[in-house]
Amino acid sequence: MKKEQYLGVDVSPLNYEEIIDDIRQRIEAGKQSTIIAVNPEKVMAANNNSDLKNLINDSTYQIPDGVGIILASKLKKGNIRSRVTGVDMMERLIRFAAEEDRKVFLYGAKEEVVVKAKKNLEEKYQGLNIVGYENGYVQDQEALLKKINDSEAELLFVAMGSPKQELWIQENKPKLAVKVFQGVGGSFDVFAGKVQRAPKVYRQLGLEWFYRLIKEPKRLKRQMALPKFLIKILLTK
C-alpha cells in the first residue's frame, strides 16, 4: 500500500472495502491495526507538533476524512478520489464484525451515550457481538485493560476526542490482544441518535463541513485551516 504524503503527513489511498479486505488479512495474520482520520486541520496541527505527526504516520491506516485531502490529492495528481470518514469507517467495521462474527468493545463517551449506541448498533446489525463497553470516565485503567482483554474483543472503538484517543491507543496497544483499534471521536453520539449528521446530499457532494458550519458558525476559525492547507500544498513541490 503506497501512501500519499501531504506536508509530511501520510494518507492511505484505500477506500472502505479495500481497508476491510486488508484488515481481514491482517487479523488472520495476527497483526494489530490502527485507524486514524486525517483532515486539513489535523495536518496543519501536525506541522507544528512532531509528536502528533509521528502519531499519525505510525498508524496503519490514515483515512482521508476531509474534502481538503481529496482536493490536495487532485492538485498533486494523486489517487485519492473519495473520502473515508471516521463515522462511516466505524460503521463498515461494525458490519464486518457482525457478518464475520468478530467481537467488539466500545470505550468512551458518557454512560448513557455508549449504552444507547450499543443498543442501536445491536438492533441494526443482527448477530453483532458487542462483548463489552465502558464509558470515558473510568478511573481504573488497569481494570479497564483487563476487562477488554477478558472480553476477547478483536475490534476496539475509542471515543475520547482526537488526539487523546489516539494517544491512549498508542500507549495501550501493546497491552491488549485487540486486533483493530479506531479512535472515533463523536461517533458514539451519532449512533446513539444524540447528534444528527448532515443530509446525504451534503455528504455526497463533500459539503458536510459546510452544513456543520451553518449549524455551528463558531467552527469558522477551525475551517480556516482548509485554505491555509491548500495554499501550502500549492507552494510545495
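See the structure printed just above.
In this text, all values refer to a predicted model and were calculated from it rather than measured experimentally.

J.: Help me out: how do you make sense of the packing of aromatic side chains in this one?
T.: For any pair of aromatic rings, the description rests on two quantities: the centre-to-centre distance and the angle between the ring planes. Enumeration according to the criterion identifies one aromatic pair in this entry. With a centroid separation of 5.1 Å and 50 degrees between ring planes, the pair formed by Tyr 107 and Trp 168 is classed as tilted. Linking Tyr 107 in strand 5 (residues 103–108) with Trp 168 in helix 8 (residues 164–172), this pair joins segments that are 61 residues apart in sequence. For Tyr 107, a relative accessible area of 1% puts it in the buried group. One Lys or Arg, Lys 147, reaches over the ring of Tyr 133 and ends 5.8 Å from the middle of that ring.

J.: How should I be thinking about the side chain of Ser 59 in this particular structure?
T.: Counting through the fold element by element, Ser 59 comes out in the loop between helix 3 (50–57) and strand 4 (61–64). Side-chain polar atoms of Ser 59 contact the backbone oxygen of Leu 55, separated by 3.3 Å. In this structure, Ser 59 is in contact with Lys 3, Thr 34 and Ile 36, ignoring residues within four places of it in sequence.

J.: When you look at the nonpolar core in this model, what are you seeing that I'm missing?
T.: Side chains of nonpolar character tend, in soluble globular proteins, to be buried together. Formed by 37 residues in total, the largest nonpolar core has its most connected members in Met 89, Met 90, Leu 93, Val 104, Leu 128, Phe 157 and Phe 188. Elements represented by at least two residues in this core include exactly helix 1 (16–28), strand 3 (33–38), strand 4, helix 5 (86–99), strand 5, helix 6 (111–124), strand 7 (155–159) and helix 9 (187–191). For this core, the element with the most residues is helix 5, which contributes eight residues. Once residues lying within four places of it in the same chain are set aside, the contact partners of Leu 128 are Ile 94, Ala 97, Ala 98, Val 104, Leu 121 and Glu 122. By size, the runner-up hydrophobic cluster in this structure holds 21 residues, among which are Val 11, Ile 36, Leu 52 and Ala 225.

J.: Quick question: what am I supposed to make of the environment of Val 9 here?
T.: Relative to the assigned elements, Val 9 resides in strand 2 (residues 9–11). C-alpha separation for the pair Val 9 and Ser 82, spaced 73 residues apart in sequence, amounts to 18 Å. Ignoring any residue separated from it by four or fewer positions in sequence, one finds Val 9 in contact with Glu 4, Val 38, Val 43, Ala 46, Lys 53, Ile 56 and Asn 57.

J.: When you look at the pattern of salt bridges in this model, what are you seeing that I'm missing?
T.: Pairs may arise between side chains of opposite charge once their charged atoms sit close together. Here the structure, examined in full by the defined rule, presents 14 salt bridges. Between Arg 83 and Asp 65 there is a salt bridge, with the nearest N and O atoms lying 3.1 Å from each other. Note that Arg 83 is positioned in the loop between helix 4 (67–75) and helix 5 and Asp 65 in the loop between strand 4 and helix 4, a separation of 18 residues in sequence. A salt bridge links Glu 122 to Lys 118, with the nearest nitrogen and oxygen atoms 3.0 Å apart. Taken together, the residues Glu 122 and Lys 118, both in helix 6 and four residues apart, mark about one turn of the helix. Residue Glu 122 is classed as partly exposed on the basis of its relative accessible area, which comes to 28%. The class for Lys 118 is buried, based on a relative accessible area of 18%. It is possible to trace a salt-bridge network through shared partners that takes in Asp 21, Arg 24, Glu 28, Glu 100, Arg 102 and Glu 154.

The rules behind these values
Residues numbered from 1 in each chain as written. Predicted model: local features only at pLDDT ≥ 70, side-chain atom pairs only at ≥ 80, totals over all residues. Heavy atoms only, no water. Phe/Tyr/Trp six-rings, centres within 6.5 Å; stacked < 30°, edge-to-face > 60°. Helix = DSSP H or I, 4+ residues; strand = E, 2+ residues; numbered from the N terminus. Buried < 20%, exposed > 50% of the residue type's maximum accessible area, 1.4 Å probe, protein only. Lys NZ or Arg CZ within 6 Å of the ring centre and 35° of its normal. Polar contact = N/O pair within 3.5 Å; in protein donor to acceptor, adjacent residues only side chain to side chain. Contact = heavy atoms within 4.5 Å. Core = buried A, V, L, I, M, F, W, Y, C linked by side-chain atoms within 4.5 Å. Salt bridge = Lys/Arg side-chain N within 4 Å of Asp/Glu carboxyl O.

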